[in-house]
Amino acid sequence: MKYLIPLLMSIALLPAQNAPVELSVDATDAPRRLIHSSMVFPVKPGELTLLYPQWVPGEHGPTGPIADLVGIRVTAGATAIPWQRDPVNMYGFHVTVPAGVNSITVKIDFIMPADAGGFSSGSSATSEMAVLNWNQFLLYPAGTPTDKLNYRANLKVPRGWRYGSALPIATESGDTVQFQPSSLTTLIDSPVLSSAHFRTIDLSPGSEPKHYLHLASDSDAALEIPPAEVEHYKKLVLETGALFGARHYRDYHFLLSLSDHVAHFGLEHHESSDDRVPERFLIDDSLRRSESYLLPHEMTHSWNGKFRRPAGLATPDYEQPMKGDLLWVYEGLTEYLGEILTPRSGLSTPELYREELAATAADVDNKVGRQWRPLQDTATAAQTLYGARGDYDDYRRGVDYYPEGTLIWLETDVLIRQLSNGSKSLNDFCRAFHGGGNGKPEVKPYTFNDIVTALNNVQPYDWAAFLRKRLDSTDPHAPLGGITGSGWKLIYTDTAGQLWKDVETARKYTNVTYSVGMKIKEDGTVADVRIGGPAQQAGIAPAVKLIAVNNRAYTPAILHDAIAKAAKDSAPTEMLVRDGEVFHTFRVNYHAGERYPHLVRDESKPDLLTAIITPLSK
Ligand SMILES: [Zn+2]
């Protein structure tokens, strides 16, 4: 629970609603992972509360990096003004504005972490590039919706660095850019990507609105995107237009970070996305395949998440806690649409799409945690799950509304197609629910009932019961009706698919979860064991280190050989593990060989899955 500062405490603010806060961000020390920031607030004498953004939109939790906010100094002219942190709300700062003072200056610094995981509060800068998220570099006055707060930002980048952002530019001079004034909401929704190694590609030349792919990296070599990939991203722009029928942005900017030293994730914005992948993503086929869905997912959020937003996530400021109960729509539908837009755009192939879907289905179908935790609870508890560790993941369940959301929305799509005899599909739902007029960003909140009504307008059915049954279920198995209904079957074979191997390479682990029941990092650390799987039954726990398999030092090849040998005889596989200072030998009784998920065709039914991933645009 979060204490909310009473609105009365900010009566001192803003004599004129439109007088902007002047924000100057100096990022010239970004290569040393320090950001300097200065704000001039128009004020009136009296009590004033300034807030540091806590609930970061898109991160679905109170993730504002308050511990990295340092160097707070408040002045009126040459006079220092004392400040006190609120004793309960660590994100609140109280000052008393002296009589006769109509503006104060607040200076803060921000420490950018190095090689840290997480989301936007993870590592965001190297000596060569930086992702600059405004929410980390500013305070705002309590008591006014952020849509109504006006900020005018300028930014100084390291000498010679170039930049990209959806925030409209007023003037540029040397290494300093003055942005046009905007609401605080739009400012924080418009991060800046800047780098010494920078390139911008126009993805919709000659048409409106504009779409740009900005690339920033630790090297020039990493910017050499193959021409065919540029065509696929251009096609992604066409496919989103064909799917949704309208665009709710002035222009759209992919901010693609290519670095092995920034946190890897994607964060959606209304007119841009902050997309972070390994340095060689664009020039290494395996890496590219392993993350091909990222940009389609984040762009889909401009419609599903930013324009149409669950009511509980459409908060007036960054203090009010968000409610994640509809994240199975916000993230689950985005996951489904992003995944089908990927082959529609040519960013992956139908075969790779089916491999992704098979891995998703197997993942959620094998989670023992489904028997205590319904999918709904993973959404409701989202703010606790993004930071959860990966050990005993199938018992805990993580943010399963992504993968299981994909299955539910696939089943919805298949049902609409079947019930309408092929005349309707989820594409029609997207056009109706996410379409409308073109133009500037706006937010249209929705409830569960709004989703049900919109589905019924496309194809009458008891959608409320259909959805609630899947959301509230404690069935041990996943809803696979979308796969079987679309003419395919989930099976396991002894051969891993291409995408499975790509993901193992990219994430630097060995995944034998459906055979011996383990995921093992490249140094031998057991990242996780499957509850009830052979390794766990033998006594192996997460976090121990696998030292040897059948008396030979562990390597992935030695383990695969041992699984193959055990399939031919009845001897257990001996695994020597180290747990702290103690060594143990466990005997794993497993003799069914390697097992990897795949989809195979069920010729008794029409192939709706192939129809679903067929491009819409001409
Ligand atoms: Zn997302």
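Here's what I pulled together on the structure shown here. Every value quoted in this text rests on a predicted model; they were computed, and no experiment measured them.

**Details of the overall build of the protein**
Looking only at helices and strands, the protein features 19 helices and 32 strands. Taken over C-alpha atoms, the radius of gyration comes to 26 Å for the protein, in line with the 25 Å a tight globule of 618 residues would show. Here the C-alpha coordinates of the protein stretch approximately 90 × 65 × 45 Å along the principal axes. Taking all 618 residues of the protein together, the buried fraction comes to 56%. Taking contacts inside the protein between residues at least 6 apart in sequence as the whole, the part at least 24 apart equals 71%. If you sum the accessible surface of the protein, you get close to 24,100 Å²; carbon and sulfur atoms cover 52% of it. Each charge class in the protein can be summarised by its mean position, and for the 59 positive and 73 negative side chains these summaries are 2 Å apart.

**As for the side chain of Ser 286**
Counting through the fold element by element, Ser 286 comes out in helix H3 (residues 285-290). When neighbours within four sequence positions are excluded, Ser 286 is seen to be in contact with Asp 502 and Thr 505.

**A closer look at the nonpolar core**
Ranked by internal contacts, the top residues of the largest apolar core, which has 79 residues, are Leu 213, Tyr 336, Trp 409, Phe 429 and Leu 467. The greatest single-element share of this core, amounting to seven residues, is contributed by helix H11 (residues 403-419). In contact with Tyr 336, not counting residues within four places along its chain, are Tyr 353, Thr 406, Trp 409, Leu 410, Asp 413, Leu 426 and Ile 612. By size, the runner-up hydrophobic cluster in this structure holds 53 residues, among which are Leu 48, Val 97, Ile 104 and Tyr 151.

**A closer look at the coordination of the zinc ion**
Within the protein, the atoms that donate to the zinc ion are His 297 (NE2), His 301 (NE2) and Glu 331 (OE), at distances of 2.0 to 2.1 Å. For the zinc ion, the donor residues sit on a single chain with the sequence spacing H-x3-H-x29-E. Here Glu 331 lies in the loop between helix H5 (327-330) and helix H6 (332-345) and His 301 lies in the loop between helix H4 (294-300) and strand E22 (308-310), a separation of 30 residues in the sequence. Given the relative accessible area of 2%, Glu 331 is considered buried.

**Looking at the packing of helix H12 (residues 426-434) against helix H13 (residues 448-458)**
Interaxial distance between H12 and H13 falls to 9 Å at its minimum, and their mutual angle equals 125°. On the basis of the axis angle, H12 is oblique to H13. H13 is crossed by H12, and the crossing has right-handed handedness. Contact residues: Leu 426, Asp 428, Phe 429 and Phe 433 in H12; Asp 450, Ile 451, Ala 454, Leu 455 and Val 458 in H13. In the contact of H12 with H13, the residues fall into seven nonpolar, no polar and two charged.

**Concerning helix H7 (residues 350-365)**
Along an α-helix, residues three or four apart share an orientation, since each turn contains 3.6 residues. Along its 16 residues, H7 runs 22 Å from first to last C-alpha, staying within 8% of the 22 Å computed at 1.5 Å per residue. Among the 16 residues of H7, 12 are classified as buried, and the element is accordingly described as predominantly covered.

**Concerning the pairing of strand E14 (residues 176-179)**
Burial of the side chains of E14 is restricted to one face: Val 177 and Phe 179 are buried, whereas none of Thr 176 and Gln 178 on the reverse face is. In this structure, strand E11 (residues 150-156) lies alongside E14, joined through three bridges in antiparallel fashion. In the strand pairing of E14, Lys 156 is matched with Thr 176. Joining the antiparallel neighbours strand E13 (residues 169-173) and E14 is a turn of two residues, in which Gly 174 adopts a positive phi near 60°.

**A short note on the pattern of salt bridges**
For the structure shown, the criterion picks out 28 salt bridges. One salt bridge connects Asp 274 with Arg 276, and the closest N-O pair in it is separated by 2.8 Å. On the basis of relative accessible area, Asp 274 is assigned to the buried category, the value being 0%. We classify Arg 276 as buried; its relative accessible area is 2%.

What counts as what
- Residues numbered from 1 in each chain as written.
- Predicted model: local features only at pLDDT ≥ 70, side-chain atom pairs only at ≥ 80, totals over all residues.
- Heavy atoms only, no water.
- Helix = DSSP H or I, 4+ residues; strand = E, 2+ residues; numbered from the N terminus.
- Rg over C-alpha atoms; globule rule 2.2 N^0.38 Å.
- Buried < 20%, exposed > 50% of the residue type's maximum accessible area, 1.4 Å probe, protein only.
- Contact = heavy atoms within 4.5 Å.
- Areas by Shrake-Rupley, 256 points an atom, 1.4 Å probe, with all protein chains shown as cover.
- Lys, Arg positive; Asp, Glu negative; His and termini not counted.
- Charge placed at Lys NZ, Arg CZ, Asp CG, Glu CD.
- Core = buried A, V, L, I, M, F, W, Y, C linked by side-chain atoms within 4.5 Å.
- Donors = N, O, S within 2.8 Å, 3.2 Å for Na, K, Ca; no water.
- Axes fitted to C-alpha atoms, helices over the stretch in contact; angles between N-to-C directions.
- Parallel < 35°, antiparallel > 145°, perpendicular 65-115°, else oblique.
- Left-handed = near helix turned anticlockwise from the far one by under 90°.
- Nonpolar A, V, L, I, M, F, W, Y, C, P; charged D, E, K, R; others polar.
- Expected span 1.5 Å × (residues − 1).
- Pairing = 2+ DSSP bridges.
- Salt bridge = Lys/Arg side-chain N within 4 Å of Asp/Glu carboxyl O.

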